[in-house]
Amino acid sequence: QVQLAESGGDSVQAGGSLRLACAASGNTYSISSMAWFRQAPGKEREGVAVIYTGGGMTTYVNSVKGRFTISQDNAKNTVYLQMNSLKPEDTAMYYCAARRTAGGVWYFPFSYTYWGQGTQVTVSS
């Protein structure tokens, strides 16, 4: 019912910037929030940021606060993740996710119904 497609991943040096995009299609009115997760090899999937589509409120994992910004363009049905001051520890596959339910804990992957295929971000020191 909802399809997500990520783009923007690349290989950059530490201190660099990238902007990821997640284009949503289908029944986007059913989405209450959209989030970015990331997963490095051998590690569990980690919630990075979430945006609540109604009011645009955002929340971030502590490790990216002040460096990453999640935003939305409702006209384009697209959510972005602006990543500045990238660090090697940011290296991961980044996934876009959407959920229909509001409230609760945002950073648990099982809360999200729809997922993109992921886009790789690699940060070299």
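Since we're looking at a predicted model, the values are computed, not measured.

S.K.: Just checking my understanding: could you explain the layout of surface pockets for this structure?
M.R.: Looking at the largest pocket, its volume works out to about 260 Å³. Lining of the largest pocket is provided by 13 residues; of these, T28, Y29, T53, N74 and N77 occupy positions nearest its centre. Those elements that place two or more of their residues in the lining of the largest pocket are β7 (68-73) and β8 (78-83). Residues of the lining of the largest pocket, tallied by class, amount to five nonpolar, seven polar and one charged.

S.K.: Before we go on, may I ask you to explain the state of the cysteines in this structure?
M.R.: Throughout this description, disulfide means a covalent bond between two cysteine sulfur atoms. Scanning the entire structure with this criterion turns up one disulfide. Across a sulfur-sulfur distance of 2.0 Å, C22 and C96 are joined as a disulfide pair. Between C22 and C96 the disulfide shows an S-S torsion of about -80 degrees. By sign, it is left-handed. Of this pair, C22 sits in strand β3 (residues 18-26) while C96 sits in strand β9 (residues 92-99); the two residues are 74 residues apart in sequence, bridging distant segments of the chain. Exposure class is identical for C22 and C96. Each is buried.

S.K.: Is there a simple way to explain the nonpolar core in this structure?
M.R.: Within soluble globular proteins, side chains that are nonpolar generally end up buried alongside one another. If you look at the biggest cluster of nonpolar residues, it comprises 30 residues, and the most contacted ones within it are L4, M34, W36, L81, M83 and Y94. Of all elements in the fold, only β1 (2-7), β3, β4 (33-39), β5 (46-52), β7, β8, β9 and β11 (119-124) reach the threshold of two or more residues within this core. The residues touching M34, leaving out its near neighbours within four places in the chain, are L4, C22, A24, A49, V50, I51, T53, I70, V79, C96, A97 and A98. Membership of the second largest hydrophobic core comes to six residues, among which are F37, V50, W106 and Y112.

S.K.: It is not clear to me how the packing of aromatic side chains should be interpreted in this structure. Could you clarify?
M.R.: A ring pair, where both rings are aromatic, is described by two values, the distance of the centres and the angle of the planes. Scanning the model with the defined rule gives seven aromatic pairs in all. Between F37 and Y112, the ring centres sit 5.1 Å apart and the planes meet at 75 degrees, which makes this aromatic pair edge-to-face. Here F37 is found in strand β4, whereas its partner Y112 is found in the loop between β9 and β10 (114-115), with 75 residues between them in sequence. For F37, a relative accessible area of 0% gives the class buried.

S.K.: Where do I start with the pattern of salt bridges in this structure?
M.R.: For side chains of opposite charge, pairing can occur when their charged atoms come near one another. Under the criterion given, the structure shown has three salt bridges. Where R38 meets E46, a salt bridge forms, and the shortest distance between an N and an O atom there is 2.9 Å. Exposure remark for R38: the relative accessible area of 7% places this residue in the buried category. Salt bridges linked by common partners bring R38, E46, R67 and D90 together as one network.

S.K.: Explain the environment of C96 to me, please; I cannot follow it from the model alone.
M.R.: C96 gets classed as buried once you look at its relative accessible area, which sits at 0%. Residues C96 and R67, spaced 29 residues apart in sequence, show a C-alpha to C-alpha distance of 18 Å. Every residue in contact with C96, bar those within four places of it in the chain, is listed here: L4, E6, C22, M34, A35, W36, Y114, W115 and G116.

Rules used in this analysis
Residues numbered from 1 in each chain as written. Predicted model: local features only at pLDDT ≥ 70, side-chain atom pairs only at ≥ 80, totals over all residues. Heavy atoms only, no water. 1 Å grid on protein atoms, 1.4 Å probe; cavity = no way out; pocket = protein on both sides within 12 Å on 5 of 7 lines; lining within 4 Å. Points joined across faces, edges and corners; volume = space filled by probe spheres on them. Helix = DSSP H or I, 4+ residues; strand = E, 2+ residues; numbered from the N terminus. Nonpolar A, V, L, I, M, F, W, Y, C, P; charged D, E, K, R; others polar. Disulfide = S-S within 2.5 Å. Buried < 20%, exposed > 50% of the residue type's maximum accessible area, 1.4 Å probe, protein only. Core = buried A, V, L, I, M, F, W, Y, C linked by side-chain atoms within 4.5 Å. Contact = heavy atoms within 4.5 Å. Phe/Tyr/Trp six-rings, centres within 6.5 Å; stacked < 30°, edge-to-face > 60°. Salt bridge = Lys/Arg side-chain N within 4 Å of Asp/Glu carboxyl O.

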